[in-house]
Amino acid sequence: MKKVITYGTFDLFHEGHYKLLQRAKELGDYLIVGVTTEHFDEARGKVNVVDSIMDRIENVRRTGFADEIIIEDHDGQKIEDIQKYGADIFTVGSDWVGTFDYLKQFCEVVYLERTPDISSTMIRKSKFKIINVGIVGTGRIVPRFIAEAKYVSGINIRCTYNPELKEKYAFGNRHDLPNYSDSYEEFLEQVDAVYIASPNETHYEYAKKALEHGKNVLCEKPAGFTRAEAEQLYSYARENNRVLMEAVKTAYCPGFGQLLNVAKSGKIGEIRDVEACFTRLANKESRERTDASYGGSFLEFSSYTLLPAIKLLGNDYKSVHFDILYDETGVDVYTKVSLKYDNATALAKNGVAVKSEGQLVIAGTNGYILAPSPWWLTRRFEVHYEDPGKVEVYEPIFQGEGFRYEISDFVSKINGIDRHGYKLTAEEAIAMAGITEEFMKEKNKEERTHNNVAG
Ligand code: CTP
């Protein structure tokens, strides 16, 4: 019996897929079809697959050509499968000519002529209108955002809004975008969605206006400085049937999701403590170091450092306490946030002029999870137990700087494919805004001059 094996994503199943499977089957007697997992596709940079894996498998099954359907979830698997299933022929469409020649040492490799003029990418593009995005603010995060947006299809960065910039917004060597400096409304008219990356204190107003104008909003954190502001924004979004997402990259990063799931799986027992630290020695001239009102370590990093606690221990903390070190200008350069829950504690450490080990430790009754820096772009974490010799290492795939995952989820949500809401819920974002509110109160009441640390 001649066994044939082929692989694909088979998203938005189309004629090209059908014909490929038909001809693959004709190459032998028994056809094995590998369907990629979402995770594997994300890792390969295909971050906007529409159909769930179950639907994609079902569509392959319905053709009647596959004798066996398997899941493809990692690099190197093709060699394993060819050996494991004893495949005689590996086949794939001619768009891959050459790529899989390395498999010739294991079996015959056949590239089948690709069906012209059709692909999942084309269907995705025609099924969903391209989302025109405007960027509010032109700070240093913006070129990084634009670079990563290129990995997500269905999105077009159209213009920027910065009232202080009269020229076009130039980024990189050859690129620029039209900038609107006179009227925010005029800017909003050009776009379907906005990414708000302006100074912290302006987020709320920009987000509110954009939602009122029927635009979808991806907003850098914090979207609001109080619980009430955050509640208001999320209810505007709900009422106007628009997407509001806070740009907490970590929440959307696949490895972080995996870490949370391992923590919740019971492996380390009951979770009793979550300690996260994120520090960066920021330039003395930077906004973080010079803006006593809206710069500082808490506003810079706490949406990352509080996230693991909120995700794992919940929104209903019993008390919050801040230990804040200020510099002579009143900027909080190091802030520790302690949360107390019924049966657990959490500590979030943030620094812009103090350097520490940027790790995340989740302590449980059976063991602990340690994610080293940069845990916020989760590439590695370890599970440790009482026995120091027993360590389980996880190395999830992570690509680029992490923006692509949040941008992709934003696009999916706008397109009505909302399988991502759980990654950062409105309730969680509102709970975090509540902590920001407490922090701002604390900062305003504290006598700053006694606590100088930075020269
Ligand atoms: N295929 C084909 N003819 C097409 C499209 C795809 O023969 N017009 C083949 C591919 O070469 C591959 C299989 O179908 O062997 C599954 O391809 P997949 O990547 O899932 O489909 P695409 O439409 O190419 O997807 P995308 O646009 O997302 O790359």
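Our structure's up above, just so we're on the same page.
Residues numbered from 1 in each chain as written. Predicted model: local features only at pLDDT ≥ 70, side-chain atom pairs only at ≥ 80, totals over all residues. Heavy atoms only, no water.

J.: Before we go on, may I ask you to explain the sheet that holds strand β11 (residues 193-196) in this structure?
T.: Sheets are built from strands paired through backbone hydrogen bonds, the pairs being either parallel or antiparallel. As summarised here, the arrangement of the 6 strands in space is β10-β7-β6-β11-β12-β13, forming an open sheet in which the pairing is parallel. The open sheet is flanked by β10 (179-180) and β13 (244-246), the only strands paired with a single partner. Here strand β7 (residues 155-161) pairs with β10 via 2 bridges, running parallel. Paired with Tyr161 across the strands is Tyr180, a residue of β10. Against the sheet, helix α6 (residues 141-149) makes contact with β6 (131-136), β7, β11 and β12 (216-219), and its axis sits at roughly 165 degrees relative to β7, the strand it touches most. Across the sheet, helix α8 (residues 203-212) is in contact with β6, β7, β11, β12 and β13; its angle to β12 comes to roughly 165 degrees. (Pairing = 2+ DSSP bridges. Helix = DSSP H or I, 4+ residues; strand = E, 2+ residues; numbered from the N terminus. Contact = heavy atoms within 4.5 Å. Axes fitted to C-alpha atoms, helices over the stretch in contact; angles between N-to-C directions.)

J.: Before we go on, may I ask you to explain the pairing of β12 in this structure?
T.: On a regular strand, each side chain points to the face opposite its neighbour's, so the side chains alternate between the two faces of the sheet. Residues of β12 alternate between two faces, with Asn216 and Leu218 on one and Val217 and Cys219 on the opposite face, all of them buried. The pairing of β11 with β12 spans 4 bridges and is parallel. Bridge assignment links Val194 to a residue of β12, and that residue is Val217. Read as a crossover between parallel neighbours, the route from β11 over α8 to β12 is right-handed. Pairing of β12 with β13 involves 3 bridges; the strand directions are parallel. Across the sheet, residue Val217 finds its bridge partner in β13, namely Leu244. (Buried < 20%, exposed > 50% of the residue type's maximum accessible area, 1.4 Å probe, protein only. Right-handed = clockwise from strand over helix to strand, strands pointing away.)

J.: Would you explain the site of the ligand in this entry?
T.: Contacts to the ligand come from 19 residues, most closely from Asp95, Thr115, Ile118, Ser120 and Thr121. In this structure, Ser120 approaches the ligand through a main-chain N or O atom, which is 2.6 Å from an oxygen atom. Considered on its own, the ligand offers 570 Å² of accessible surface; in the complex 93% of this is hidden by protein. Those elements that place two or more of their residues in the shell around the ligand are α1 (15-26), β4 (89-93) and α5 (120-127). Grouping the constituent residues of the shell around the ligand by class yields 5 nonpolar, 10 polar and 4 charged. (Near = heavy atom within 4 Å. Polar contact = N/O pair within 3.5 Å; in protein donor to acceptor, adjacent residues only side chain to side chain. Areas by Shrake-Rupley, 256 points an atom, 1.4 Å probe, with all protein chains shown as cover. Nonpolar A, V, L, I, M, F, W, Y, C, P; charged D, E, K, R; others polar.)

J.: Looking at this model, I keep getting lost on the sheet that holds strand β5 (residues 108-112). Mind explaining?
T.: Taken together, the 5 strands give an open sheet; going across it, the order is β3-β2-β1-β4-β5, and neighbouring strands pair in parallel fashion. Each of the sheet's edge strands pairs with one partner strand only, and the pair in question is β3 (68-72) and β5. When the angles between neighbouring strand axes are averaged without regard to direction, this sheet yields 25 degrees. Packed on one face of the sheet, α1 meets β1 (3-8), β2 (30-36), β4 and β5 and runs near 145 degrees to β2.

J.: Quick question: what am I supposed to make of the packing of α6 against helix α15 (residues 403-414) here?
T.: Two elements in contact, α6 and α15, have axes separated by 9 Å at closest approach and are oriented at 65 degrees. As the angle between them shows, α6 and α15 are arranged roughly perpendicular. As for the relative orientation of α6 and α15, their crossing is right-handed in sense. Two secondary-structure elements touch here, α6 through Ile141, Arg144, Phe145, Glu148 and Ala149 and α15 through Phe403, Arg404, Glu406 and Ile407. For the contact of α6 with α15, the per-class residue count stands at 5 nonpolar, no polar and 4 charged. (Parallel < 35°, antiparallel > 145°, perpendicular 65-115°, else oblique. Left-handed = near helix turned anticlockwise from the far one by under 90°.)

J.: Please clarify how the pattern of salt bridges should be interpreted in this entry.
T.: Proximity of charged atoms lets side chains of opposite charge pair with each other. With the rule as written, the count across this model stands at 25 salt bridges. Notably, a salt bridge pairs Lys441 with Glu438, separated by 3.7 Å at the nearest N-O pair. Taken together, the positions of Lys441 and Glu438, both in helix α16 (residues 426-445) and 3 residues apart, correspond to about one turn of that helix. Overall, the relative accessible area of 46% leaves Lys441 in the partly exposed class. Here Glu442 and Lys445 are joined by a salt bridge, their closest N and O atoms 3.5 Å apart. Highlighted residues: Glu442 and Lys445, both in helix α16, separated by 3 residues, approximately one helical turn. (Salt bridge = Lys/Arg side-chain N within 4 Å of Asp/Glu carboxyl O.)

J.: Which parts of the structure should I look at to understand the side chain of Glu72?
T.: By the element assignment, Glu72 lies in strand β3. Filtering out sequence-adjacent residues up to four positions away, Glu72 remains in contact with Tyr7, Val35, Thr36, Thr37, Phe40, Gln77 and Lys78.

J.: How should I be thinking about the state of the cysteines in this particular structure?
T.: Linking two cysteines covalently through their sulfur atoms gives a disulfide. Scanning the model with the defined rule gives 0 disulfides in all. Counting only cysteine sulfurs, Cys219 is the nearest neighbor of Cys159, a cysteine outside any disulfide, at a range of 17 Å. Residue classification places Cys219 among the buried positions, given a relative accessible area of 0%. (Disulfide = S-S within 2.5 Å.)

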